[in-house]
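Each chain is listed here by its residues.
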Amino acid sequence: MILELDLIYVLSALSLATAFFSNRISSVFLVLASGILAFYGIQELPMGIFYLVAGLVWVLVAVHSLVHYSDKWLTMTLSGTVLGIIVVLTSTKYIEFLAGWETMTLFSFVGIAIYRKDWKPALTFLAFGELSTALLLAGFALAYSQTGSLAFERLSTQLPLIITSMGFIVKMGIFPFLVVEWLPIAHGNARSDLSAVLSATVTMTGIYGILKMESLSPVSTYLGIFLLAVGAFSNLFGALYSYVSDHVKGLLAFSTIENNGAMLALLGSLELVSGDLKEFVTFSLFTYVIAHSLAKTGLFLSTGYVEGESLTTASSFRHGLSVLGTVLMAMSLSGLLPTIGGIATWSLLESMFMEAITLPHFINIVPIVAGVMIGMGEGFATGSLAKFVSYTQLTKPIKNKQGLILAVSGSLLLVTVGLAYLLSPFKTEVSQLGVGLNSLISSQYQRSFGGIDPLYILVSWPIIALIVYLSLGKRKIRVVDPWDNGSAQGFRYTSFGMANNVRLMLRALLRTKTGSLETSADIFWQAMLVLIRWYLKFSRTFSRSFMNGSLRWYMIYMIIAIVVIMVITL
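Predicted model, so just to flag it, every value in this text is computed and none were measured. (Residues numbered from 1 in each chain as written. Predicted model: local features only at pLDDT ≥ 70, side-chain atom pairs only at ≥ 80, totals over all residues. Heavy atoms only, no water.)

Chemist: Teacher, can you tell me more about the overall build of the chain here?
Modeler: Scanning the chain for helices and strands turns up 23 helices and 8 strands. Counting the 570 residues in the chain, one finds 52% classified as buried. Long-range contacts, defined as pairs at least 24 residues apart, comprise 77% of the intrachain contacts of the chain with a sequence gap of at least 6. (Helix = DSSP H or I, 4+ residues; strand = E, 2+ residues; numbered from the N terminus. Buried < 20%, exposed > 50% of the residue type's maximum accessible area, 1.4 Å probe, protein only. Contact = heavy atoms within 4.5 Å.)

And the structure:
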């Protein structure tokens, strides 16, 4: 195992070093390092899931970069980001983890900055990246004070977990840090391959970090409730803002926040449950990591074939394979079977239902509310991804272009269903319903609760589709002229119009304004502005009343300080 890790480090370092000379050689080294990491992950299951998923993601990204790009500086930033993530995932000490975290952040910062030669989005990314690092440093320092060791060891209190969780949440773009939309800003200004790495594996390190610290810390019910509630809220609002977004990458970035929220809710659940239910929640988390990372990699890579930033006006290169792959990825992120995303979504909602049954009264209200928000979020997510596929794959093609990488990305979401079976703690069969081979993945919390059979659907789905096709024959399509309120303008059905039903129904929340063009205000920014105004008003009042240069007030402060110090020391 040590030799494999050493080889991975050597190959990833060579990928970074050779990027200055050749994009192709650098990409080849990255493919080799990623492939070995994926193989290493298979041997280290279940925690090896993070290695396996990261390796698969980087193989796809490296091949895409090898085929389509040649900029040595952007290739260097991509390789450096990957090297930093490898250090994070394989670290055994706090110092190693922080070194990888900073390496990942700094190379990503440079990659965002030089792609469009615009430093403002990159500086926004860096500011939140350094805030995350500061919180991790504080949490790790506190952990060191408890154990006296720089290695990851068992902790005596939950405080290091709480502080580091805040740092990881920053990196994931979760509420309240989604209020400044730094994640969509960063992804929207990065090249498609770096965007894929940012969404699929950089934010995944936040999930990995919280899970690692949870495994070392005492159980905290209050932290579990907090993570569950914040995760569900972020899932709903990430999906909502993804649905109303018209920006090609912005839509996917908000979708990343939605999925990160779902995984954060599962991390919170791990603090609240035990026994069989904890095993099932862990399974749900791992399947979600697989589903989100693989699907989001392919979708961000697909943006490299799109010209334009607005979905309404965008045009794209496409091929039959790319359409198939993109549809499969959208299905997975929509929670539809037979993809692994369907298993992840089902198991997430099952976890919420079972927690509502098993948790004590009052606390069980949290998973009920969280389940409702997540269910609503999944609905918005389906609409959002349908919009993305429609406006990038089904309209305004420029010309055909091979989409093998996108097809492979989509196919992986079917293939990894087998991995879900391997990870599932509970499998059974219902022979009277024709479900055999222990292919029914079940949920349990002391006793059986529910079940789902993706293999059955995977086999029956094409058979049913073939029967329908043979029964109905060749499809008949009737083409009509678009109707636009009797206008002769002939406007297209825009991406903005597709989301306008939700925009109008939720106008009280989105602060929709009607004028020459309907626009939605950002309620989070408005809340931030209100808080800032309150803070400024309080600061002025406090400074004028108590920090006004009066010697009398300063004498009072000194007396109070002396009394407080004496009380503490005695």
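From this point on, the discussion continues.
Chemist: For this particular structure, what's the right way to read helix H16 (residues 404-415)?
Modeler: One full turn of an α-helix is made of 3.6 residues, so residues set three or four places apart face in the same direction. The end-to-end C-alpha separation of H16 is 16 Å, in line with the 16 Å expected for 12 residues at 1.5 Å each. Taken together, the buried positions of H16 are occupied by Ile405, Leu406, Ala407, Ser409, Gly410, Leu412 and Leu413. (Expected span 1.5 Å × (residues − 1).)

Chemist: Please explain unusual backbone geometry as it appears in this structure.
Modeler: A negative phi angle characterises most non-glycine residues, just as the trans form characterises most peptide bonds. Look at the link from Leu45 to Pro46: it is a cis peptide, with omega at 10°. Relative to the assigned elements, Pro46 resides in the loop between helix H2 (23-43) and helix H3 (49-68). Leu337 connects to Pro338 through a cis peptide bond whose omega is 10°. Here Pro338 shows up in the loop between helix H13 (320-333) and helix H14 (340-358). Located in the positive-phi region is Phe362, a residue other than glycine, with phi close to 75°. Note on Phe362: relative accessible area 70%, which makes it exposed.

Chemist: It is not clear to me how the side chain of Glu378 should be interpreted in this structure. Could you clarify?
Modeler: Inspection of the secondary structure puts Glu378 in helix H15 (residues 365-393). Residues contacting Glu378, with those up to four places away along its chain left out, are Asn235, Glu258, Tyr288, Leu333, Ser334 and Thr345.

Chemist: Can you help me understand the nonpolar core in this one?
Modeler: General note: in soluble globular proteins, nonpolar side chains tend to be found buried as a group. Judged by nonpolar contacts, the single largest core of 141 residues is most densely connected at Ile49, Phe50, Trp58, Phe97 and Leu264. The element that contributes the greatest number of residues to this core is helix H12 (residues 275-302), accounting for 15 residues. (Core = buried A, V, L, I, M, F, W, Y, C linked by side-chain atoms within 4.5 Å.)

Chemist: What am I meant to see in the side chain of Ser22 here?
Modeler: With respect to the secondary-structure elements, Ser22 resides in the loop between helix H1 (2-18) and H2. Engagement of the side chain of Ser22 in a polar contact is seen with the backbone nitrogen of Arg24, the distance being 3.3 Å. Within the local environment of Ser22, its side chain forms a polar contact with the backbone nitrogen of Ile25, the two atoms lying 3.2 Å apart. (Polar contact = N/O pair within 3.5 Å; in protein donor to acceptor, adjacent residues only side chain to side chain.)

Chemist: In this structure, what is going on with a nonpolar patch on the surface? I would like to understand it.
Modeler: A surface patch of nonpolar side chains, about 600 Å² in accessible area, is lined by Phe362, Ile365, Ile368, Val369, Val372 and Met376. Mapped onto the fold, Met376 is located in helix H15. (Patch = residues over 30% accessible without salt bridge, like charges linked within 9 Å, V, L, I, M, F, W, Y side chains within 5 Å. Areas by Shrake-Rupley, 256 points an atom, 1.4 Å probe, with all protein chains shown as cover. Salt bridge = Lys/Arg side-chain N within 4 Å of Asp/Glu carboxyl O.)

Chemist: I keep staring at the packing of aromatic side chains and nothing clicks. Help me out?
Modeler: The description of an aromatic ring pair rests on the distance of the ring centres and on the angle between the ring planes. Overall, the coordinates contain 18 aromatic pairs when judged by the stated rule. Aromatic ring contacts, followed pair by pair, group Tyr94, Phe97, Trp101, Phe140, Phe152 and Phe168 into a single cluster. Geometry around Phe152 places Lys212 over its ring, the cationic atom sitting 4.7 Å from the centre. (Phe/Tyr/Trp six-rings, centres within 6.5 Å; stacked < 30°, edge-to-face > 60°. Lys NZ or Arg CZ within 6 Å of the ring centre and 35° of its normal.)

Chemist: When you look at the pattern of salt bridges in this model, what are you seeing that I'm missing?
Modeler: Once the charged atoms of two side chains with opposite charge are near each other, the side chains can pair. Evaluated as defined, the whole model comprises 1 salt bridge. The closest approach of N and O atoms between Asp193 and Arg191, which form a salt bridge, is 2.8 Å. For the pair Asp193 and Arg191, a shared accessibility class is recorded, and that class is buried.

Chemist: Explanation requested: the packing of H2 against H3 in the structure shown.
Modeler: For any two helices packed against each other, one specifies the inter-axial angle together with the distance between the axes. Orientation of H2 relative to H3, taken along the N-to-C sense of each, is 160°, at an axis distance of 7 Å. Taken together, the axes of H2 and H3 are roughly antiparallel relative to one another. Between H2 and H3 lies a crossing of left-handed hand. Along its contact with H2, which presents Asn23, Arg24, Ser27, Leu30, Val31, Ser34, Gly35, Leu37, Ala38, Tyr40, Gly41 and Ile42, the element H3 presents Tyr51, Leu52, Ala54, Gly55, Leu56, Trp58, Val59, Ala62, Val63, Ser65 and Leu66. Grouping the amino acids of the contact of H2 with H3 by side-chain chemistry returns 15 nonpolar, 7 polar and 1 charged. (Axes fitted to C-alpha atoms, helices over the stretch in contact; angles between N-to-C directions. Parallel < 35°, antiparallel > 145°, perpendicular 65-115°, else oblique. Left-handed = near helix turned anticlockwise from the far one by under 90°. Nonpolar A, V, L, I, M, F, W, Y, C, P; charged D, E, K, R; others polar.)

Chemist: What is the right way to look at the packing of H14 against H15 in this model?
Modeler: Two numbers describe how H14 lies on H15: the axes approach to 8 Å, and their chain directions differ by 160°. Regarding the angle of H14 to H15, the classification is roughly antiparallel. The element H14 and its partner H15 pack so that their crossing is left-handed. Here Thr345, Leu348, Leu349, Met352, Glu355 and Ala356 of H14 lie close against H15, whose contacting residues are Pro367, Ile368, Ala370, Gly371, Ile374, Gly375 and Glu378. Split by residue class, the contact of H14 with H15 holds 8 nonpolar, 3 polar and 2 charged.

Chemist: What's the story with H2 in this structure? I'm lost.
Modeler: Under the 1.5 Å per step criterion, the end-to-end length of H2 is 31 Å for 21 residues, consistent within 8% with the ideal 30 Å. Three or more residues of H2 are buried, namely Asn23, Ser26, Ser27, Leu30, Ala33, Ser34, Leu37, Ala38, Tyr40 and Gly41. Looking straight down H2, one finds that the buried residues subtend no more than 160° of arc, so they occupy a single side. Taking the backbone nitrogen of Arg24 as reference, a side-chain oxygen 3.3 Å away marks Ser22 as the first, capping residue of H2. (Arc of directions from axis to C-beta.)

Chemist: Sorry if this is basic, but what is going on with the confidence of the model for the chain here?
Modeler: Close inspection of predicted coordinates is inappropriate for parts of the model with low pLDDT. In this model, the chain carries an average pLDDT of 80, and 83% of its residues clear a pLDDT of 70 or more. Across residues 515-521, where pLDDT falls below 50, the model places 16 contacts with residues more than four positions away in sequence or in other chains. (pLDDT = per-residue confidence, 0-100.)

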